[in-house]
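The residues making up each chain are set out below.
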Amino acid sequence: MTSRPSQRKRVLSGMRSTGKLHLGNFVGALDNWVRMQDEYDCFFFVADWHALTTDYADTSRIKENSLEVLLDWLAAGLDPERCTMFIQSHVPQHAELHLLFSMITPLGWLERVPTYKEQRDNIAEKDLSTYGFLGYPVLQAADILIYKGDFVPVGEDQVPHVELTREIARRFNMFYTRKGMYVFPEPQPLLTPAAKLPGTDGRKMSKSYGNTILLTDPESVVRQKLKTMVTDPARVRRTDPGNPDVCPVGDLHKIFSDRPTILKVDEGCRSAGIGCIECKSAMADNLIKWIEPIRERRIEHEKNPARVLEILNEGSTKARDEAQKTMARVREAVFGWDSKRKEIFGAAGE
Ligand code: SF4
(Lines give C-alpha, C1' and ligand atoms only; values in the text may rest on other atoms or scores of the structure.)
Protein backbone atom coordinates (compact mmCIF):
# COMPACT_ATOMS: atom_id res chain seq x y z
CA MET A 1 0.00 0.00 0.00
CA THR A 2 1.01 3.59 -0.58
CA SER A 3 2.52 5.15 2.54
CA ARG A 4 0.88 8.37 3.63
CA PRO A 5 2.29 11.34 5.49
CA SER A 6 -0.59 11.11 7.92
CA GLN A 7 -3.03 8.51 9.10
CA ARG A 8 -5.92 10.63 7.94
CA LYS A 9 -8.28 9.14 5.38
CA ARG A 10 -7.86 10.54 1.91
CA VAL A 11 -10.53 12.59 0.15
CA LEU A 12 -10.59 13.24 -3.60
CA SER A 13 -12.67 15.78 -5.42
CA GLY A 14 -12.55 18.03 -8.44
CA MET A 15 -14.34 20.88 -10.16
CA ARG A 16 -14.47 21.55 -13.87
CA SER A 17 -12.50 24.52 -15.11
CA THR A 18 -15.55 26.64 -15.83
CA GLY A 19 -14.15 30.01 -14.71
CA LYS A 20 -15.31 32.13 -11.78
CA LEU A 21 -17.34 30.18 -9.23
CA HIS A 22 -20.84 31.03 -8.07
CA LEU A 23 -22.80 30.62 -4.87
CA GLY A 24 -24.08 27.22 -6.01
CA ASN A 25 -20.51 25.91 -6.32
CA PHE A 26 -19.79 27.20 -2.84
CA VAL A 27 -22.86 25.81 -1.11
CA GLY A 28 -22.80 22.54 -3.07
CA ALA A 29 -19.13 21.68 -2.59
CA LEU A 30 -16.53 24.28 -1.72
CA ASP A 31 -17.86 25.16 1.73
CA ASN A 32 -17.69 21.47 2.59
CA TRP A 33 -14.14 21.13 1.20
CA VAL A 34 -12.94 24.02 3.35
CA ARG A 35 -14.28 22.24 6.45
CA MET A 36 -12.74 18.89 5.46
CA GLN A 37 -9.15 20.16 5.20
CA ASP A 38 -8.26 19.44 8.82
CA GLU A 39 -10.05 16.13 9.08
CA TYR A 40 -8.87 14.43 5.89
CA ASP A 41 -5.85 14.25 3.60
CA CYS A 42 -7.53 16.23 0.81
CA PHE A 43 -6.63 16.30 -2.89
CA PHE A 44 -8.62 18.83 -4.91
CA PHE A 45 -8.12 19.23 -8.64
CA VAL A 46 -9.33 21.55 -11.37
CA ALA A 47 -10.74 19.17 -13.94
CA ASP A 48 -9.63 20.66 -17.26
CA TRP A 49 -9.77 17.34 -19.11
CA HIS A 50 -13.35 16.94 -17.94
CA ALA A 51 -14.13 20.39 -19.34
CA LEU A 52 -12.91 19.10 -22.72
CA THR A 53 -15.53 16.34 -22.75
CA THR A 54 -18.16 18.98 -23.56
CA ASP A 55 -16.08 22.03 -24.59
CA TYR A 56 -13.51 20.39 -26.81
CA ALA A 57 -14.11 22.69 -29.78
CA ASP A 58 -12.85 25.88 -28.14
CA THR A 59 -10.03 25.76 -25.59
CA SER A 60 -9.12 29.43 -25.84
CA ARG A 61 -10.20 30.17 -22.22
CA ILE A 62 -9.47 26.88 -20.55
CA LYS A 63 -6.19 27.94 -18.89
CA GLU A 64 -7.67 31.22 -17.58
CA ASN A 65 -10.76 29.37 -16.40
CA SER A 66 -8.61 26.88 -14.46
CA LEU A 67 -6.79 29.74 -12.75
CA GLU A 68 -10.07 31.49 -11.93
CA VAL A 69 -11.28 28.35 -10.18
CA LEU A 70 -8.05 28.08 -8.22
CA LEU A 71 -8.26 31.75 -7.16
CA ASP A 72 -11.81 31.24 -5.92
CA TRP A 73 -10.73 28.14 -3.98
CA LEU A 74 -8.02 30.13 -2.24
CA ALA A 75 -10.41 33.02 -1.62
CA ALA A 76 -12.99 30.67 -0.11
CA GLY A 77 -10.42 29.33 2.36
CA LEU A 78 -8.67 26.31 0.83
CA ASP A 79 -5.19 26.44 2.25
CA PRO A 80 -2.16 24.95 0.43
CA GLU A 81 -0.66 24.07 3.83
CA ARG A 82 -3.67 21.91 4.64
CA CYS A 83 -4.70 20.39 1.31
CA THR A 84 -3.24 19.58 -2.13
CA MET A 85 -4.54 21.61 -5.07
CA PHE A 86 -3.58 20.95 -8.67
CA ILE A 87 -4.75 20.91 -12.27
CA GLN A 88 -5.76 17.54 -13.66
CA SER A 89 -3.82 17.76 -16.94
CA HIS A 90 -0.62 18.56 -15.01
CA VAL A 91 -0.67 14.97 -13.78
CA PRO A 92 -0.58 12.92 -16.99
CA GLN A 93 -0.74 9.65 -15.05
CA HIS A 94 -4.52 10.18 -14.82
CA ALA A 95 -4.66 9.72 -18.60
CA GLU A 96 -2.57 6.56 -18.52
CA LEU A 97 -4.80 5.00 -15.90
CA HIS A 98 -7.87 6.13 -17.82
CA LEU A 99 -6.55 4.29 -20.87
CA LEU A 100 -6.08 1.05 -18.93
CA PHE A 101 -9.50 1.37 -17.28
CA SER A 102 -11.09 1.99 -20.69
CA MET A 103 -9.83 -1.45 -21.75
CA ILE A 104 -11.79 -3.21 -19.02
CA THR A 105 -14.94 -1.09 -18.69
CA PRO A 106 -17.94 -2.58 -20.48
CA LEU A 107 -19.84 -0.11 -22.69
CA GLY A 108 -23.11 -0.97 -21.00
CA TRP A 109 -21.84 0.38 -17.68
CA LEU A 110 -21.23 3.76 -19.27
CA GLU A 111 -24.42 3.93 -21.30
CA ARG A 112 -26.51 3.46 -18.18
CA VAL A 113 -24.88 6.28 -16.16
CA PRO A 114 -27.92 8.55 -15.55
CA THR A 115 -26.10 11.83 -16.35
CA TYR A 116 -24.92 10.50 -19.74
CA LYS A 117 -28.31 10.53 -21.43
CA GLU A 118 -29.54 13.51 -19.44
CA GLN A 119 -26.62 15.71 -20.50
CA ARG A 120 -26.72 14.57 -24.11
CA ASP A 121 -30.38 15.61 -24.22
CA ASN A 122 -29.86 18.89 -22.33
CA ILE A 123 -26.77 20.12 -24.17
CA ALA A 124 -28.29 19.90 -27.62
CA GLU A 125 -26.14 22.67 -29.13
CA LYS A 126 -22.96 20.55 -28.93
CA ASP A 127 -22.15 17.25 -30.55
CA LEU A 128 -21.60 14.99 -27.56
CA SER A 129 -21.57 11.74 -29.47
CA THR A 130 -17.86 11.42 -28.77
CA TYR A 131 -15.72 8.74 -27.23
CA GLY A 132 -14.46 11.19 -24.58
CA PHE A 133 -17.92 12.18 -23.40
CA LEU A 134 -19.13 8.61 -23.03
CA GLY A 135 -15.92 7.73 -21.21
CA TYR A 136 -15.77 10.62 -18.74
CA PRO A 137 -16.89 8.46 -15.78
CA VAL A 138 -13.87 6.23 -16.56
CA LEU A 139 -11.63 9.28 -16.33
CA GLN A 140 -13.36 10.14 -13.06
CA ALA A 141 -12.57 6.66 -11.77
CA ALA A 142 -8.92 7.17 -12.71
CA ASP A 143 -8.91 10.59 -10.96
CA ILE A 144 -10.06 9.00 -7.73
CA LEU A 145 -8.29 5.66 -7.78
CA ILE A 146 -4.89 6.98 -8.80
CA TYR A 147 -4.69 8.56 -5.32
CA LYS A 148 -6.32 5.55 -3.66
CA GLY A 149 -8.98 7.88 -2.30
CA ASP A 150 -10.96 6.61 0.68
CA PHE A 151 -13.82 9.06 0.26
CA VAL A 152 -15.39 11.14 -2.48
CA PRO A 153 -17.65 13.98 -1.31
CA VAL A 154 -20.73 13.95 -3.54
CA GLY A 155 -24.36 14.95 -3.68
CA GLU A 156 -27.03 12.26 -3.97
CA ASP A 157 -27.08 12.53 -7.80
CA GLN A 158 -23.36 11.72 -8.06
CA VAL A 159 -23.50 8.50 -6.03
CA PRO A 160 -23.85 6.32 -9.19
CA HIS A 161 -20.49 7.72 -10.40
CA VAL A 162 -18.76 6.61 -7.22
CA GLU A 163 -20.47 3.23 -7.52
CA LEU A 164 -19.09 2.93 -11.07
CA THR A 165 -15.62 3.79 -9.76
CA ARG A 166 -15.98 1.00 -7.20
CA GLU A 167 -17.05 -1.44 -9.94
CA ILE A 168 -14.05 -0.50 -12.09
CA ALA A 169 -11.70 -0.93 -9.10
CA ARG A 170 -13.23 -4.33 -8.39
CA ARG A 171 -12.91 -5.45 -12.01
CA PHE A 172 -9.31 -4.28 -12.22
CA ASN A 173 -8.46 -6.08 -8.97
CA MET A 174 -10.17 -9.21 -10.26
CA PHE A 175 -8.13 -9.30 -13.49
CA TYR A 176 -4.77 -8.07 -12.23
CA THR A 177 -4.19 -9.23 -8.68
CA ARG A 178 -0.64 -10.45 -8.14
CA LYS A 179 0.51 -12.40 -5.14
CA GLY A 180 -2.86 -11.80 -3.49
CA MET A 181 -2.30 -8.01 -3.40
CA TYR A 182 -5.11 -5.78 -4.64
CA VAL A 183 -3.96 -2.56 -6.27
CA PHE A 184 -7.08 -0.47 -5.59
CA PRO A 185 -9.19 0.11 -2.51
CA GLU A 186 -12.87 0.82 -3.13
CA PRO A 187 -13.71 4.44 -2.31
CA GLN A 188 -16.89 5.38 -0.46
CA PRO A 189 -19.19 8.31 -1.21
CA LEU A 190 -19.22 10.98 1.48
CA LEU A 191 -22.70 12.43 1.15
CA THR A 192 -22.88 16.22 1.10
CA PRO A 193 -26.25 17.52 2.28
CA ALA A 194 -27.65 19.19 -0.82
CA ALA A 195 -28.92 22.67 -0.03
CA LYS A 196 -31.46 23.93 -2.55
CA LEU A 197 -29.75 26.89 -4.16
CA PRO A 198 -31.80 28.56 -6.86
CA GLY A 199 -30.44 30.98 -9.43
CA THR A 200 -31.96 34.36 -10.17
CA ASP A 201 -34.56 32.78 -12.49
CA GLY A 202 -35.64 30.19 -9.92
CA ARG A 203 -33.98 27.24 -11.67
CA LYS A 204 -30.94 25.53 -10.16
CA MET A 205 -28.03 27.99 -10.12
CA SER A 206 -25.84 27.11 -13.08
CA LYS A 207 -23.55 28.90 -15.53
CA SER A 208 -25.34 27.28 -18.43
CA TYR A 209 -28.61 28.98 -17.37
CA GLY A 210 -26.97 32.40 -16.96
CA ASN A 211 -28.65 32.81 -13.55
CA THR A 212 -25.65 32.90 -11.21
CA ILE A 213 -24.42 35.17 -8.44
CA LEU A 214 -20.62 34.93 -8.47
CA LEU A 215 -18.34 34.86 -5.45
CA THR A 216 -16.54 37.76 -7.15
CA ASP A 217 -19.60 39.92 -7.86
CA PRO A 218 -19.22 43.43 -6.42
CA GLU A 219 -21.94 44.94 -4.24
CA SER A 220 -23.72 46.82 -7.04
CA VAL A 221 -23.95 43.66 -9.17
CA VAL A 222 -25.27 41.55 -6.29
CA ARG A 223 -27.96 44.18 -5.59
CA GLN A 224 -28.93 44.35 -9.26
CA LYS A 225 -29.16 40.57 -9.59
CA LEU A 226 -31.29 40.31 -6.45
CA LYS A 227 -33.61 43.06 -7.74
CA THR A 228 -34.45 41.06 -10.86
CA MET A 229 -34.71 37.71 -9.07
CA VAL A 230 -38.03 35.91 -9.50
CA THR A 231 -40.32 35.57 -6.46
CA ASP A 232 -43.45 33.69 -5.47
CA PRO A 233 -45.73 34.32 -8.50
CA ALA A 234 -48.72 34.57 -6.12
CA ARG A 235 -47.46 37.97 -4.95
CA VAL A 236 -48.68 40.01 -7.87
CA ARG A 237 -49.55 43.06 -5.75
CA ARG A 238 -47.85 44.29 -2.59
CA THR A 239 -50.96 43.34 -0.62
CA ASP A 240 -51.01 39.72 -1.84
CA PRO A 241 -49.72 37.24 0.74
CA GLY A 242 -46.94 34.92 -0.43
CA ASN A 243 -45.11 31.78 0.58
CA PRO A 244 -41.32 31.91 1.16
CA ASP A 245 -41.14 28.13 0.74
CA VAL A 246 -41.90 28.46 -2.99
CA CYS A 247 -39.84 31.63 -3.51
CA PRO A 248 -36.16 31.51 -4.62
CA VAL A 249 -35.42 34.60 -2.47
CA GLY A 250 -36.93 32.75 0.50
CA ASP A 251 -34.59 29.83 -0.24
CA LEU A 252 -31.58 32.15 -0.20
CA HIS A 253 -32.65 33.59 3.15
CA LYS A 254 -32.75 30.07 4.61
CA ILE A 255 -29.09 29.57 3.65
CA PHE A 256 -27.53 32.99 4.14
CA SER A 257 -29.65 34.85 6.73
CA ASP A 258 -29.77 34.56 10.50
CA ARG A 259 -32.69 33.03 12.34
CA PRO A 260 -34.47 36.29 13.30
CA THR A 261 -34.38 37.44 9.64
CA ILE A 262 -35.70 34.09 8.39
CA LEU A 263 -38.59 34.28 10.89
CA LYS A 264 -39.30 37.90 9.96
CA VAL A 265 -39.38 37.04 6.24
CA ASP A 266 -41.58 34.01 6.84
CA GLU A 267 -44.14 35.93 8.88
CA GLY A 268 -43.96 39.09 6.76
CA CYS A 269 -44.29 37.28 3.44
CA ARG A 270 -47.26 35.15 4.50
CA SER A 271 -49.12 38.15 5.95
CA ALA A 272 -48.06 40.60 3.22
CA GLY A 273 -46.45 42.57 6.06
CA ILE A 274 -43.28 43.09 4.01
CA GLY A 275 -42.90 43.69 0.29
CA CYS A 276 -40.60 41.80 -2.04
CA ILE A 277 -38.40 44.88 -2.56
CA GLU A 278 -37.71 45.12 1.18
CA CYS A 279 -37.20 41.35 1.43
CA LYS A 280 -34.73 41.32 -1.47
CA SER A 281 -32.86 44.29 -0.09
CA ALA A 282 -32.38 42.48 3.27
CA MET A 283 -31.16 39.44 1.32
CA ALA A 284 -28.70 41.56 -0.66
CA ASP A 285 -27.34 43.10 2.59
CA ASN A 286 -26.70 39.65 4.06
CA LEU A 287 -25.22 38.23 0.91
CA ILE A 288 -22.83 41.17 0.50
CA LYS A 289 -21.66 40.80 4.12
CA TRP A 290 -21.09 37.15 3.46
CA ILE A 291 -19.34 37.50 0.08
CA GLU A 292 -17.15 40.46 1.05
CA PRO A 293 -14.39 38.57 2.95
CA ILE A 294 -14.15 36.08 0.06
CA ARG A 295 -13.84 38.92 -2.46
CA GLU A 296 -11.17 40.63 -0.36
CA ARG A 297 -9.09 37.46 -0.06
CA ARG A 298 -9.41 36.92 -3.78
CA ILE A 299 -8.11 40.44 -4.53
CA GLU A 300 -5.09 39.74 -2.29
CA HIS A 301 -4.30 36.55 -4.22
CA GLU A 302 -4.77 38.29 -7.56
CA LYS A 303 -2.06 40.75 -6.54
CA ASN A 304 0.42 37.89 -6.21
CA PRO A 305 0.18 35.68 -9.32
CA ALA A 306 3.67 34.26 -8.75
CA ARG A 307 2.56 32.79 -5.42
CA VAL A 308 -0.58 31.33 -7.03
CA LEU A 309 1.54 29.57 -9.65
CA GLU A 310 3.87 28.36 -6.92
CA ILE A 311 0.91 26.85 -5.02
CA LEU A 312 -0.14 25.13 -8.22
CA ASN A 313 3.33 23.87 -8.87
CA GLU A 314 3.75 22.47 -5.35
CA GLY A 315 0.34 20.81 -5.52
CA SER A 316 0.97 19.28 -8.95
CA THR A 317 4.38 17.96 -7.85
CA LYS A 318 2.89 16.29 -4.80
CA ALA A 319 0.01 14.86 -6.84
CA ARG A 320 2.38 13.54 -9.53
CA ASP A 321 4.53 11.83 -6.89
CA GLU A 322 1.50 10.05 -5.48
CA ALA A 323 0.13 9.20 -8.93
CA GLN A 324 3.50 7.85 -10.03
CA LYS A 325 3.61 5.45 -7.08
CA THR A 326 0.20 4.07 -7.98
CA MET A 327 1.07 3.77 -11.67
CA ALA A 328 4.21 1.80 -10.85
CA ARG A 329 1.98 -0.71 -9.05
CA VAL A 330 -0.52 -0.69 -11.88
CA ARG A 331 2.11 -1.35 -14.56
CA GLU A 332 3.49 -4.17 -12.48
CA ALA A 333 0.01 -5.65 -11.98
CA VAL A 334 -0.99 -5.41 -15.65
CA PHE A 335 2.27 -6.05 -17.49
CA GLY A 336 4.53 -7.67 -14.94
CA TRP A 337 7.26 -5.01 -15.09
CA ASP A 338 9.10 -4.59 -11.83
CA SER A 339 7.84 -1.30 -10.38
CA LYS A 340 11.15 -0.65 -8.60
CA ARG A 341 13.14 -0.51 -11.87
CA LYS A 342 14.00 3.15 -12.29
CA GLU A 343 15.63 2.56 -15.66
CA ILE A 344 12.28 1.48 -17.05
CA PHE A 345 9.90 3.98 -15.47
CA GLY A 346 12.08 6.98 -14.70
CA ALA A 347 11.06 7.09 -11.07
CA ALA A 348 10.86 4.24 -8.62
CA GLY A 349 7.52 3.04 -7.29
CA GLU A 350 7.65 3.02 -3.55
S1 SF4 B 1 -41.55 38.63 0.42
FE2 SF4 B 1 -39.58 37.66 0.06
S3 SF4 B 1 -39.97 35.48 0.30
FE4 SF4 B 1 -41.94 36.49 0.03
S5 SF4 B 1 -42.36 36.33 -2.17
FE6 SF4 B 1 -41.38 38.33 -1.78
S7 SF4 B 1 -39.23 37.95 -2.12
FE8 SF4 B 1 -40.20 35.97 -1.85
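The present account deals with the structure reproduced in this document.

Thresholds, definitions, all that
- Residues numbered from 1 in each chain as written.
- Predicted model: local features only at pLDDT ≥ 70, side-chain atom pairs only at ≥ 80, totals over all residues.
- Heavy atoms only, no water.
- Helix = DSSP H or I, 4+ residues; strand = E, 2+ residues; numbered from the N terminus.
- Buried < 20%, exposed > 50% of the residue type's maximum accessible area, 1.4 Å probe, protein only.
- Contact = heavy atoms within 4.5 Å.
- Near = heavy atom within 4 Å.
- Nonpolar A, V, L, I, M, F, W, Y, C, P; charged D, E, K, R; others polar.
- Expected span 1.5 Å × (residues − 1).
- Phe/Tyr/Trp six-rings, centres within 6.5 Å; stacked < 30°, edge-to-face > 60°.
- Lys NZ or Arg CZ within 6 Å of the ring centre and 35° of its normal.
- 1 Å grid on protein atoms, 1.4 Å probe; cavity = no way out; pocket = protein on both sides within 12 Å on 5 of 7 lines; lining within 4 Å.
- Points joined across faces, edges and corners; volume = space filled by probe spheres on them.
- Core = buried A, V, L, I, M, F, W, Y, C linked by side-chain atoms within 4.5 Å.

Mapped onto the elements, Ile-146 comes out in the loop between α8 (136-145) and β4 (151-154). According to the relative accessible area criterion, Ile-146 is buried, its value standing at 0%. Separated by 48 residues in the primary sequence, Ile-146 and His-98 have C-alpha atoms spaced 9.5 Å apart. Apart from residues no more than four positions distant in its own chain, Ile-146 is found in contact with Gln-93, His-94, Leu-97, Glu-322, Ala-323, Thr-326 and Met-327.

All right, on to the site of the ligand then. Within the structure, the ligand sits among Thr-231, Asp-232, Arg-235, Pro-244, Cys-247, Val-249, Cys-269, Cys-276 and Cys-279. Residue composition of the shell around the ligand, grouped by class: six nonpolar, one polar and two charged.

In this section: helix α12 (residues 259-270). An ideal rise of 1.5 Å per residue puts 16 Å on twelve residues; α12 measures up with 17 Å between its terminal C-alpha atoms. Buried residues along α12 sit against α11 (248-256) and α13 (276-302). Ala-272 sits one or two positions beyond α12 and adopts a positive phi of about 60°.

Considering all chains together, one arrives at 15 aromatic pairs under this definition. Centre to centre, the rings of Phe-175 and Tyr-176 are 5.9 Å apart; their planes meet at 55°, and the pair counts as tilted. On the basis of relative accessibility, which here comes to 42%, the residue Phe-175 falls in the partly exposed class. A cation over a ring is seen here: Arg-171 above Trp-109, with NZ or CZ 5.6 Å from the ring centre. Its guanidinium or amino end placed over the ring of Tyr-209, Arg-203 lies 4.0 Å from that ring's centre, counting from NZ or CZ.

Here the focus is empty space enclosed by the protein. Under the definition given, this model contains one cavity of 30 Å³ or more. Reported here for the largest cavity is a volume of approximately 90 Å³. Contributing to the lining of the largest cavity are 13 residues, with Cys-247, Val-249, Cys-269, Cys-276 and Cys-279 lying nearest its centre. In terms of residue count, α13 provides more of the lining of the largest cavity than any other element does, three residues in total. Its residues assigned to classes, the lining of the largest cavity shows seven nonpolar, three polar and three charged.

Okay, the nonpolar core next. If you look at the biggest cluster of nonpolar residues, it comprises 48 residues, and the most contacted ones within it are Leu-23, Leu-30, Trp-73 and Leu-287. Apart from residues lying up to four places away in sequence, Leu-287 is in contact with Leu-23, Ile-213, Val-222, Leu-226 and Phe-256. Within the second largest apolar cluster, 36 residues are counted, among which are Leu-100, Ile-123, Phe-184 and Ala-333.

Located in the positive-phi region is Lys-148, a residue other than glycine, with phi close to 50°. Of note, Lys-148 is situated in the loop between α8 and β4. Even without being glycine, Ala-272 reaches a positive phi, approximately 60°. Here Ala-272 is to be found in the loop between α12 and α13. What makes Ala-272 buried here is its relative accessible area of 14%.

It is worth spelling out the side chain of Gln-93 at this point. With respect to the helices and strands, the residue Gln-93 is situated in helix α4 (residues 93-104). For Gln-93, a relative accessible area of 10% gives the class buried. Once residues lying within four places of it in the same chain are set aside, the contact partners of Gln-93 are Ile-146, Arg-320, Ala-323, Gln-324 and Met-327.

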